[in-house]
Structures are given as C-alpha cells and as structure tokens.
Amino acid sequence: MSVVRRFSASSLAIWIVLAAGAFLSLFPFFWMVVGTTLNPNDVIRGVVLPGDELGSNWAKAIKNYRLGLFFLNSLKIALLTVFFGLVVNSLAAFGFEKYKSKARERVFGILLLTLIIPSIALVIPQFRLFAFFKMLNSHAAIVLPSVMSVFIIFFMRQNFKMFPTEIIEAARVDGAGELGIFLRIVAPSMKASFASVAIYIFLSQWNSYLWPLMTVLTEAKKTLPIALASMMNAYTIEYGALMIIVCISVMPVLVLFLAMQKQFVAGLLGSVK
Amino acid sequence: MNKRGSYYRYLNRFGWLCVGPAMLLFCIFMLYPILSSLYYVTRKWKGSTDSFVGLGNFARMFRDSYFFQALGHNFLYMAVQIPLMIFLALMLAVILNQGIKRLRGTLRTIYFLPCVTSLVATSVLFKILFQTNGLLNNIMIGLGAISEPIGWLTSPFWANVTIIFAMTWRWTGYNMVFFLVGLQSIDTEIYEAAEVDGAGKARQFFRITLPLLTPVILFSAVASTSNTMQLFDEPNVLTTGGGPANATMTAALYIYRQAFVINSDFGYATTLSYVVVLIAGVFAYVQMRLLGGKRGS
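Residues numbered from 1 in each chain as written. Chains lettered and ligands numbered in written order. Predicted model: local features only at pLDDT ≥ 70, side-chain atom pairs only at ≥ 80, totals over all residues.

**Things to note about the overall build of chain A**
Working step 1: Helix and strand counts for chain A stand at 16 helices and zero strands.
Working step 2: Seen along its three principal axes, the alpha-carbon backbone of chain A occupies a region of about 75 × 70 × 35 Å.
Working step 3: Of all 273 residues assigned to chain A, the portion counted as buried reaches 38%.
Working step 4: In chain A, the share of contacts with a sequence separation of at least 24, taken over all contacts with a separation of at least 6, comes to 78%. (Helix = DSSP H or I, 4+ residues; strand = E, 2+ residues; numbered from the N terminus. Buried ≥ 20, exposed ≤ 12 C-beta atoms within 10 Å, placed from the backbone. Contact = placed C-beta atoms within 7 Å.)

Take a look at the structure:
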C-alpha cells in the first residue's frame, strides 16, 4: 500500500514541482559562481560550464574597479548602521514599553502613522537637507537616515512586552540603576531578538540602492550595489570583473543567512505576530 | 507621597532619555522632510534657482500622461505578479506542510534564499541571463520551445514579463514561509474530523485551509502591494531606467528621474511623490479595514 502511494502519479507531480522550484531558486546563484570563471563572451552567451578566467577576472576586478574599497565601504556602512540602529532603537523600544506615559504613547502613535509613508516620498527632502549641510557624498549621509527605524522600534517593543516587569522592579529594590537594568538584565536576556534585528538591519543596508544612488557622487564612496549599477551603465561592460563583484555582493549575505537562519526566520515571524 | 512623586518623575525622565535619541533622528530625518516637502510642492526648479508656482505642480501633474502611465505599470504588477506569487507560495507551502518531513527544512531554506540577496546584484544576473543572445533564449531554442530568440529586455511586452518573473523569483519563498507558519498553526484534528466526515483533500483545502489562512494571505498581499507601489531597483537596473520605451517605468523611478536624471526639479518630483503617499494611505486604510474586520468575525 505505502509503496504504491509513494510512487503514485500525484506524488511524482509534487516532487517535480518541488524540484523545479529548488532549481529555479538556486540556478542563478550557481551560474553566478560559474560566471566568475568565464571570459566576457561566454558570460554573455551564458555558458554553464566553468572556464579558466577566474584569476584574470579577479585581477581586473581589483585593479580596474577597486573591488576591495567598495567591499569595505559596504561593510563599514552596514556595520555602523547595525551598531547605532541596535542602540537607538532598542533603547527607544525599552523606553516606550517599560516607562509608559500618556505623552510617550502619543509620540509612539505618531511614529506608527509614518510607517505608511513610502521611502520615495522622503528621500527628496532628505537629499535637500544633506545638500544644504554640504554632507552629500559622505558615508554619514548613508548611515544617519537609516539608524532610526519605526518598524524596528515597533518590533522590539513587541519583544520587550514579553520581558516580565516584576524582574525590573525586583532589580530596582536591589538598588540597580535604570540603565544598569537595561544593559545587564534586560538586554542579555533578549539576545535572540537583538540578533534578528541586527541581521535585518545589516541586510537592508548592505543591499540598499536608492538612497546611496542619490548621495554617492564619487568612485571612492561607492558601495557594492552602486558600483555594480554604474558598471552596467558604462559604455563597455567588463563582464568578467562584473561577475566577481556580483559574487562578492551576494556571497557574504548567503553565508550569513545560512549560518544564522534560525534568528533570521525568528525575526521574520516575530513581525507577523 | 512627595518622595514617590519625585521617584515617578525620575522614571519618567529616564523614559524620555531612552526614546530621546530616536526622537531626535525622527525629527531630523522624518518630520523635517515631511514638513519641508509642503514647501517644495509649491516650488519649481529651473537650473539651480527655484521659484514659487503655487499649485502649478499639481496642474502639471494632471497633464503628465507619462506619470500616469508609470503608475499604471505599478498597478499592472500588483494585479498580475501578486496573485501569481501568492498562488505559487501557497502551493509550495501546502505541499511542504503535507508529508514531506525529511526535506522540508532544506527546501524552505532554498526557496527563501533569493529574498536575502542584493536586488541590484540579482538584477544584474537576470539582465545577463535574459539578454537576447543570452542563456535563457539559448536553452529555449535548444529545447525547441521557440525558433526565434525572445526580446526579454528589448520588447515592451516581454520586458514586463521579465520584471514580473524577477519579482516572483525573489519573493515567492519569502511569502511561502509566512504561509507555512500559518499552516502549522492549524490544528490537525480539524483535518482528521473532516476525513472522518468523508471530505476529500480538495474539499478540505477550500473549506478548512483557505479560510483559516485568509488573514495571513491578506497580510502578505498588503505587504506586497506596498512594496510594489515603491518598485524601483528592478526597472532601474534590470530594464535600464524603465525601458524599453518606458514600458517598465514605475512611479518611484519616474519621480527619481524627475529629480536626478532628466531635470533637477525637486518641486515637481515631490509633488508626484504626494500621489504615491496618497495611494499608499488608501491601501493602508483598506488593509486596516480588512484585517480588523476579519478579527471581529
């Protein structure tokens, strides 16, 4: 009975669907790696077997395109945003949730209201602001506007709700200061949600495109996505080096995701509940 | 009593201290831009100088058929891509939820992968693979599916297909994970009872699974709608600035081009962005009504 069922036509169809989905998901990444070893013509034709140009593609990417600089720029911007984003948003969420007051609830309501405003409506006045202070083309211009996030404050506040207020009160009786309570008691017990938020911020900053596209003006300040986009718009496209840079902008994120999948999915699901 | 009052004031002050840095950043990077945009919509830039035009930008907008064409593309993607993606995600989630235990985790990871990667990088990849003489056409010709290469990026119709494909590739797994969680929260006893009552698999799906999953599906649809309204990266990179011949131009890309590429008219671009905010607001309102209504029933 079970043998018959396992090989029935419908279960075969199911396996075909699942396999096709997996193939479609993975193929672009597989080909991305293959592409780094191909000569430009083979990249365009989409040859699926590895070539022997890996070394020269690497050399071109580093010599002609300052790959190392773009990578470090992206990394620096993403890590700074993660650090300040964690500090600012977690403190705010803690303040809103554990020190409730009518005034702060009203402020929180205004914050939530701005969640519906699409970023395209904010970036133009923001651009004018940075232009006014002559701060365009700086990494501060990329980091600063993305530190505070209403969505993350909301998400972390939901998590702080689960932390028992009795523990905070007990610590106060024992003479702990408020900041000490946050740093030594609350924060360490919420490592998982801090990790989820850190990954979320890192990914959105590492992959961000629209805002850096507006503010980055010189080669020296480019992040990986900006470098890639401008390579695609160049008069002649150096496909070998391009594939290397594609790979460098995708690989760290894939590794990070595979290593910390649990926190990632936990963060994702927390946002639904 | 007095002592308690001063302790309360101390806690209240600490509360403000906690939210202070976030409030400061909010005022600079959200509140001020929102308020200053009220000024920008009344200005028109010509070169580096700007002048007052009152409601002139709005009058200009209503005559701007290109902008409404761009908005039309956003709605096209909402109408075609979101249902297609939700159907696929639901199908994969239901299949994964039934029976397949051994590979469930691995497959979930694989399907989820595309959405964590850089949109620009994957758009570049697709742009290479979808070229007229690229891999996709070569495979399809090799298989005999087509005799002439398809202009995935050069024909207005196929360029839209390519955008929809790229979006579906990226977001199906993401939505599937939501659905999978929703499915796992459904009590299996309901299915066992239905089985006893003689309800077939299809009937179980339409009578039990779908109704119970509706809030999650709705949430997905709403989130996707809001993302599609802001679609920018794919049409700018994959189909090069909304091409061919504006066939994949979206509202966000059009606004960006008004401010940074074609002219530097920040006033007009801000005015156009008000329309996007208005539409997003309408969607948010509908979302609250739909989700709120469901909770009541």
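**Some thoughts on the overall build of chain B**
Working step 1: Secondary structure assignment for chain B yields twelve helices and two strands.
Working step 2: The linear arrangement of helices and strands in chain B, starting from the amino end, is α-β-β-α-α-α-α-α-α-α-α-α-α-α.
Working step 3: A compact globule built from 297 residues would reach a C-alpha radius of gyration of about 19 Å, whereas chain B, at 25 Å, exceeds it by more than 25%.
Working step 4: Seen along its three principal axes, the alpha-carbon backbone of chain B occupies a region of about 80 × 70 × 30 Å.
Working step 5: Out of the 297 residues belonging to chain B, those deemed buried represent 38%.
Working step 6: When contacts within chain B are restricted to residue pairs at least 6 apart in sequence, long-range pairs at least 24 apart make up 69% of them. (Rg over C-alpha atoms; globule rule 2.2 N^0.38 Å.)

**A look at the nonpolar core**
Working step 1: Ranked by size, the top nonpolar core spans 132 residues in total, and within it Ile-245 and Val-246 of chain A carry the most contacts.
Working step 2: With twelve residues, helix α15 (residues 239-259) of chain A is the single largest residue contributor to this core.
Working step 3: Sequence-distant contacts of Val-246 of chain A, that is, excluding residues within four places in its chain, are made with Met-32 and Leu-228 of chain A together with Ala-121, Val-124 and Leu-125 of chain B. (Core = buried A, V, L, I, M, F, W, Y, C linked by C-beta atoms within 7 Å.)

**Brief notes about the confidence of the model for chain B**
Working step 1: Chain-level pLDDT for chain B is 89 on average; 96% of the residues reach the 70-or-more range.
Working step 2: Complex prediction metrics read pTM 0.91 and ipTM 0.90. (pLDDT = per-residue confidence, 0-100.)

**Quick look at helix α2 (residues 9-35) of chain A**
Working step 1: Under the 1.5 Å per step criterion, the end-to-end length of α2 of chain A is 37 Å for 27 residues, consistent within 8% with the ideal 39 Å.
Working step 2: Its axis deflected by about 35 degrees at Leu-26 of chain A, α2 of chain A carries its strongest bend there, up to four residues before the proline Pro-28 of chain A. (Expected span 1.5 Å × (residues − 1). Bend = angle between axes of the 7 residues up to and from the residue.)

**What about the interface of chain B and chain A?**
Working step 1: Across the boundary between the two partners, chain B contributes 67 residues, which contact 68 residues of chain A.
Working step 2: With 18 residues, the single largest contributor to the side of chain B that touches chain A is helix α1 (residues 2-40) of chain B.
Working step 3: Of the residues contributing to the side of chain B that touches chain A, the split by class is 48 nonpolar, 17 polar and two charged. (Nonpolar A, V, L, I, M, F, W, Y, C, P; charged D, E, K, R; others polar.)

**Focus on the environment of Glu-169 of chain A**
Working step 1: By the element assignment, Glu-169 of chain A lies in helix α10 (residues 165-173).
Working step 2: Glu-169 of chain A gets classed as exposed once you count the C-beta atoms within 10 Å, which come to 11.

**Here we look at the packing of α15 of chain A against helix α5 (residues 119-129) of chain B**
Working step 1: At a closest axis distance of 9 Å, the pairing of α15 of chain A and α5 of chain B adopts a crossing angle of 140 degrees. Relative to α5 of chain B, the element α15 of chain A lies oblique. At the point where α15 of chain A passes α5 of chain B, the crossing takes the left-handed sense. Mapping the contact onto sequence places Leu-242, Val-246, Ser-249 and Val-250 of chain A in α15 of chain A and Ala-121, Val-124 and Leu-125 of chain B in α5 of chain B.
Working step 2: Here the residues of the contact of α15 of chain A with α5 of chain B sort into six nonpolar, one polar and no charged. (Axes fitted to C-alpha atoms, helices over the stretch in contact; angles between N-to-C directions. Parallel < 35°, antiparallel > 145°, perpendicular 65-115°, else oblique. Left-handed = near helix turned anticlockwise from the far one by under 90°.)

**Quick notes on helix α4 (residues 54-65) of chain A**
Helical geometry: 3.6 residues make up each α-helical turn, so side chains three or four residues apart lie on a common side.
Residue and element names in this part refer to chain A.
Working step 1: For α4, built from twelve residues, the straight-helix expectation of 16 Å at 1.5 Å per residue is met to within 8% by its first-to-last C-alpha distance of 16 Å.
Working step 2: Listed in full, the buried residues belonging to α4 are Asn-57, Ala-61 and Tyr-65. What you see down the axis of α4 is that its buried residues fit within an arc of 40 degrees, all on one side. For α4, the exposed residues set more than 90 degrees away from the buried face come down to Gly-55 and Lys-63.
Working step 3: Buried residues along α4 sit in contact with α5 (67-98), α14 (224-233) and α15. (Arc of directions from axis to C-beta.)

**Examining the pairing of strand β2 (residues 49-52) of chain B**
Residue and element names in this part refer to chain B.
Working step 1: Sheet topology places strand β1 (residues 43-46) next to β2; four bridges connect them, and they run antiparallel. Opposite Arg-43, over in β2, you have Phe-52 as the bridge partner.
Working step 2: The antiparallel pairing of β1 with β2 creates a hairpin that spans two residues between the two strands, and Gly-47 there sits at a positive phi of about 65 degrees. (Pairing = 2+ DSSP bridges.)

**Things to note about the environment of Val-43 of chain A**
Working step 1: By the secondary structure assignment, Val-43 of chain A is in helix α3 (residues 40-45).
Working step 2: As for Val-43 of chain A and Met-243 of chain A, which are separated by 200 residues in sequence, their C-alpha atoms are 8.4 Å apart.
Working step 3: In contact with Val-43 of chain A, other than residues within four places in its own chain, are Gly-35, Leu-38, Tyr-239, Gly-240 and Met-243 of chain A together with Ile-128 of chain B.

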